[in-house]
Amino acid sequence: MSSPGEAFQEQEFTIVSKREKKRITQEGVDKLRAKPGWDPTTFRSERPEDTLQSLNQNKRTQSAYETECDLCGELRKQNDDPTALCEVHLKEVLGF
Ligand SMILES: [Zn+2]
């Protein structure tokens, strides 16, 4: 049988540990902020979705430029532009 006193102690322990967690979290945030090069603006712009999207874009762009395509090659020669792409691969790079 548990006494009301025990229950109260347990509850208090929970509150303290929650406060402790909050304090530790705050300490971590403060440490991060104190680091040189910490820039909240850059940090915000590097959302996982953005990073993933730009990764996919890079992959797509890379694969399009690495493709051995006669049309691309012809366009590159004609325009004297090594980055020229045929319609198909241009669309691929643009994500169509
Ligand atoms: Zn092509």
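Please read these numbers as outputs of a predicted model, since none were measured by experiment. (Residues numbered from 1 in each chain as written. Predicted model: local features only at pLDDT ≥ 70, side-chain atom pairs only at ≥ 80, totals over all residues.)

1. Brief notes about unusual backbone geometry
Of all residues except glycine, most have a negative phi; of all peptide bonds, most are trans.
Next up, step 1: One non-glycine residue with positive phi stands out, namely Asp80, at about 50 degrees.
Next up, step 2: The residue Asp80 is located in the loop between helix H4 (70–79) and helix H5 (87–94) in this model.
Next up, step 3: Exposure remark for Asp80: the 7 C-beta atoms within 10 Å place this residue in the exposed category. (Helix = DSSP H or I, 4+ residues; strand = E, 2+ residues; numbered from the N terminus. Buried ≥ 20, exposed ≤ 12 C-beta atoms within 10 Å, placed from the backbone.)

2. Considerations on H4
Next up, step 1: Within H4, only one of the 10 residues are buried, leaving the element largely exposed.
Next up, step 2: Two residues or fewer past H4, Asp80 is found with a positive phi of approximately 50 degrees.

3. Quick word on the environment of Leu71
Next up, step 1: Summarising the element assignment, Leu71 is placed in helix H4.
Next up, step 2: Sequence-wise, Leu71 and Glu87 are 16 residues apart; in three dimensions their C-alpha atoms are separated by 8.6 Å.

4. Overview of the confidence of the model for the chain
Next up, step 1: Looking at the chain as a whole, the pLDDT averages 77, with 70% of positions reaching at least 70.
Next up, step 2: For the chain, helix H2 (residues 40–45) is the element with the lowest average pLDDT, namely 55, and H4 is the one with the highest, namely 94. (pLDDT = per-residue confidence, 0-100.)

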